[in-house]
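# Commentary on secondary and tertiary structure
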Amino acid sequence: MAGLERDAIEQFARYWDAAAAGASDEPDLADPTLAATVSRLYALEELPDIDPAFQSRLEARLLGTSVATVGLPGTIPLPMAGHDLHTSHNGRTDAQPWRVRAPASTRPIRPGWSLAQLATAALLLLTLLGGVIAIRSATAPRPPTYLEAAGRTEVETLVDATIVGDPATAIPLTVERWTIPPGSATVTVPPLDGPQWIVAESGSLTAAIDGARHELAPGASLVITAGRTLVVGNAGQEEASALRGVASDRFVLEDYDRAAIRKSPALHTRAHPALPAGTSHLLFERLTLPPGAILSIEPVSGRDWVGVVHGRLGLTLVGGAMPTGWQSGRTREVGAGELLPGLPVGTQVSLRNTGNEPLVLLRLRVTPLAEGRS
Amino acid sequence: MGVQGGSAKIQAPGAATGDDEAALVAAAQRDRRAFGPLYARYANPIFKYCFAQLRDRQAAEDATSLVFTKALDGLSRFHGGSFRAWLFAIARNVVTDQFRARRFDAPLEAAAAVAAPGATLDDLAADADRDRGVWTLLAELTPDQRQVIELRLRGLAGSEVADVVGRSHAWVKVTQFRAIQRLRATMGVTVEPKEVDDGGA
C-alpha cells in the first residue's frame, strides 16, 4: 500500500470517527468528496424507528416490568393465542410466520412404482447401508487423544506453560485482546497478584518485564509471573495486537490509557475462579477449521473454554452435566463475540464449522498440577 | 451530485455512548432490573440494524428480541471494552442466524431486488423509497464492505466495528475507505469549488 494512500486511509478514518462522535473540530480531508459521500449516505438512509408498543412489550418481558406503567400511546395489548396463530420470539402472535414456498409440482399425483424401480431403490439402499457400515467400522475405535479432526484442521499452540496461581485460593481468569496504535506511548501494567501471558498477533509488539525488553513477532508469547511489572509498546508503524491472559483478583480494577491501548474480550471464561490454587498447566491454542470440518474435544479438567474469533461454530455438547441453558445432544450455532460456557468434565464436545469461511477458535485449557490449600 | 466547498457535515445517529455506560453496565450486572437504561439507549439502534439487514419489520422485531434476551443472559460475562460493540456483535450473529433460517424460504424475487446493481443517483432521486435506494447502493459493495458501512451507519466507531466483525482496526479502516471510494463513484459525488470573494469588483 503506497504511503500516500495509507495516509489518506488514516486521515479518513480519523475524520469519520471524529464526525460520527459529534466532534466539532473533525479534521478536514484532503479529498472532500469522501466526506460528501458519507454525509449523503447518512442523509439517504431513513430506516423506520422501533414500534414504541413493541419496545415497551419487550422491555416488560425482559425486565419484568408492567406494560401498563409505560403508558406509551398506542400500546397494544398482547392478543390471545389461538389455534391458527403462531408465536414469534418477541412474544407477539403472528398470523404470517416465515413463508415456506413449496415448489409447484408439475406432477401432483405420483404414479405407483414399477418393479424395476423398486429393485433399483433396494439396490441403492443396500449400497448406502454398506457404505455406512464401512465408515462406522473404520471410525469406531476412537483414539484416546482429545482431538479428532476431519479435514485440514490447524492447531497452533500459542502458550504451553506451567503457571503458578495463588497458593491458597482460586482466582478469576480472563483473556482479552489488546490493540496498540503505533507511536511512542507505552502501557505499564503494575505488579499483579497472579500470572499473565501475552501472545503477539500482529505488528511489532514490545514487552519489558522488570526492565528486560523483548520484541515479540506475531505468534511469539511471554508468560509473566506474579509480582512483575510489565510495559508493552508498539515499535512499528502499523497497529499491533496481542492476546493477553491474566489471572488476578484485581484485573478488573486495572486502569489504562485508552488512547494508548484498546481492550476487548477475546475469550469469555465467565466470572468464576478459573485458575486453581497452586501450580497448573496452561495450554492456549488457536484452531482453524476449514468449512465443514468437525473437531471433537474431550474436556478433562473442568477448566476448558472455547471462543470464536472468526466464522460460524456449530457446538454440540453431549453429557450428563450440562451448562445452564444447554441440552445434551442439541447443536447451537454461535459466532464471534458470542458467549460460550465452560466445558464440564466428561462432556463430549463436537465443534463443527458451519460457515463458508475458515472457522478460527481460541481454546484454553487449565489443568491443575498441584492443588493449593483450598 | 455536487457538494459545494470543503467537507460536508455528517449527521450520525446515536453517536455518543456517554461516560456513564460502564456504570450502567455494572449496575445491570448486579441487578438485571437495572438494565432498563441500556435497553432504552440501544433498543432503537439495534432494531434499525436488524431492519436494515432483514428488511422486514416483524423479522427485525424478532431479532431485536433475541439480541436483548441473549445480552441479558450473557451480561455477567461481559468483561469490559465497548458494550455497544458487544451488543452489536450479538445482533450480527442473530441476524446471520435469521438469514440462514430464511435462506431456503425467501422468494427469488426478493433476492433479485436486493442484488440489482448499477443504480445511479438519478435513479435514486426518482425512487420514492429512499431506504431501498441505500440498499441498492450498498448492494454494489462486497459483503465485508457492506457489513462495515452498515455498522458505521448505526453510529459505531471504527474500533467498535473491528470488535463486532472480529477483524483488526486497520482492516476496518482500509475496508471503509475502499467502500466509500466505490460508493462515491456510484453516486457520482463531486465537489464544486468554493466561490471566492474577490473584494467586490
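Residues numbered from 1 in each chain as written. Chains lettered and ligands numbered in written order. Predicted model: local features only at pLDDT ≥ 70, side-chain atom pairs only at ≥ 80, totals over all residues. Heavy atoms only, no water.

Quick look at the overall build of chain A now. A count of helices and strands for chain A gives 5 helices and 21 strands. Evaluated residue by residue, chain A yields a buried proportion of 43% over its 374 residues. A sequence separation of at least 24 residues applies to 76% of the contacts in chain A between residues at least 6 apart. Accessible surface computed for chain A: about 19400 Å², of which carbon and sulfur atoms make up 57%. (Helix = DSSP H or I, 4+ residues; strand = E, 2+ residues; numbered from the N terminus. Buried < 20%, exposed > 50% of the residue type's maximum accessible area, 1.4 Å probe, protein only. Contact = heavy atoms within 4.5 Å. Areas by Shrake-Rupley, 256 points an atom, 1.4 Å probe, with all protein chains shown as cover.)

Within the largest apolar cluster, 50 residues are counted, with the highest numbers of intra-cluster contacts made by Phe-35, Ile-46, Phe-68 and Phe-83 of chain B. Among the secondary structure elements, those contributing two or more residues to this core are helix 3 (52-63) of chain A together with helix 1 (21-30), helix 2 (36-54), helix 3 (57-74), helix 4 (83-102), helix 8 (143-153), helix 9 (158-165) and helix 10 (169-187) of chain B. For this core, the element with the highest residue contribution is helix 2 of chain B, accounting for 11 residues. What Phe-35 of chain B contacts, discounting residues up to four positions off in sequence, is Leu-63 of chain A together with Ala-28, Phe-68, Leu-72, Leu-75 and Phe-83 of chain B. (Core = buried A, V, L, I, M, F, W, Y, C linked by side-chain atoms within 4.5 Å.)

Residues and elements named next belong to chain B. For chain B, per-residue confidence averages 74 on the pLDDT scale, and residues scoring 70 or more make up 69% of the total. In the predicted structure, residues 11-16 sits below a pLDDT of 50 and forms 13 contacts with residues beyond four places in sequence or in another chain. Throughout residues 104-132 the model reports pLDDT below 50, and contacts reaching past four residues in sequence, or to other chains, amount to 37 contacts. Reported for the predicted complex are a pTM of 0.43 and an ipTM of 0.76. (pLDDT = per-residue confidence, 0-100.)

Turning to the sheet that holds strand 9 (residues 212-216) of chain A, a few remarks are in order. Residues and elements named next belong to chain A. Strand order in the open sheet made by the 4 strands is 6-11-8-9, with antiparallel pairing throughout. Each edge of the open sheet carries a strand with a single partner, namely strand 6 (186-189) and strand 9. Sheet twist, expressed as the mean angle between neighbouring strand axes with direction ignored, is 20 degrees. Note: strand 8 (residues 205-209) against strand 9, 5 bridges, orientation antiparallel. (Pairing = 2+ DSSP bridges. Axes fitted to C-alpha atoms, helices over the stretch in contact; angles between N-to-C directions.)

Residues and elements named next belong to chain B. In the contact formed by helix 8 and helix 9, the axes pass within 10 Å of each other and the chain directions differ by 130 degrees. By the angle between their axes, helix 8 is oblique relative to helix 9. Seen from above, helix 8 lies across helix 9 with right-handed handedness. Side by side, helix 8 and helix 9 meet where Gln-147, Val-148, Leu-151 and Arg-152 of the first sit next to Gly-158, Val-161, Val-164 and Val-165 of the second. For the contact of helix 8 with helix 9, the class distribution of residues is 5 nonpolar, 2 polar and 1 charged. (Parallel < 35°, antiparallel > 145°, perpendicular 65-115°, else oblique. Left-handed = near helix turned anticlockwise from the far one by under 90°. Nonpolar A, V, L, I, M, F, W, Y, C, P; charged D, E, K, R; others polar.)

It is worth spelling out unusual backbone geometry at this point. Positive phi, normally seen in glycine, also occurs at Asp-210 of chain A, with a value near 50 degrees. In this fold, Asp-210 of chain A is placed in the loop between strand 8 and strand 9.

Our next topic: helix 8 of chain B. All names here are of chain B. Of all 11 residues that make up helix 8, 8 are buried, and the element is covered over most of its length. For helix 8, every residue scored as buried is listed here: Gln-145, Gln-147, Val-148, Ile-149, Glu-150, Leu-151, Arg-152 and Leu-153. Looking one or two residues beyond helix 8, the residue adopting positive phi is Gly-155, at roughly 100 degrees.

Take the environment of Leu-315 of chain A next. All names here are of chain A. Secondary-structure assignment places Leu-315 in strand 18 (residues 312-318). With 18 residues separating them along the chain, Leu-315 and Glu-333 place their C-alpha atoms 6.2 Å apart. Setting aside anything within four residues of it in sequence, one finds Leu-315 in contact with Trp-326, Arg-330, Thr-331, Arg-332, Leu-340, Val-349, Ser-350 and Leu-351.

A word on the environment of Arg-77 of chain B. Residue and element names in this part refer to chain B. Assignment of secondary structure puts Arg-77 in the loop between helix 3 and helix 4. Judged by its relative accessible area of 16%, Arg-77 is buried. The spacing of Arg-77 and Gln-29 is 48 residues in sequence and 8.7 Å in space, taken between C-alpha atoms.

Residues and elements named next belong to chain B. Relative to each other, helix 2 and helix 8 sit at 150 degrees, their axes nearing to 10 Å. The crossing of helix 2 and helix 8 is right-handed. Residue-level inspection shows Tyr-49, Ala-52 and Gln-53 of helix 2 in contact with helix 8, the latter providing Gln-147, Glu-150 and Leu-151. By residue class, the composition of the contact of helix 2 with helix 8 is 3 nonpolar, 2 polar and 1 charged.

Right, let's talk about the pairing of strand 18 of chain A for a bit. The two faces of the sheet receive side chains in turn, since in a regular strand these alternate between them. All names here are of chain A. Of all the 7 residues making up strand 18, 6 are buried; the element is thus mostly covered by neighbouring parts of the structure. Judged from the 5 bridges that link them, strand 18 and strand 19 (residues 331-335) form a sheet pairing that is antiparallel. Following the sheet pairing, Leu-315 is matched in strand 19 by Arg-332. Taken together, the 6 bridges between strand 18 and strand 20 (residues 348-353) define a ladder with antiparallel strand orientation.

Take the pairing of strand 12 (residues 240-247) of chain A next. All names here are of chain A. Among the 8 residues of strand 12, 8 are classified as buried, and the element is accordingly described as predominantly covered. Residues Ala-240, Ala-242, Arg-244 and Val-246 point to one face of strand 12 and Ser-241, Leu-243, Gly-245 and Ala-247 to the other, with burial holding for every one of them. Bridge count for strand 5 (residues 171-180) against strand 12 is 8 bridges, and the pairing is antiparallel. Among the inter-strand pairings, Arg-177 is bridged to a residue of strand 12, identified as Leu-243. Of the strand pairs in this sheet, strand 7 (residues 196-202) and strand 12 are connected by 6 bridges, and their pairing is antiparallel.

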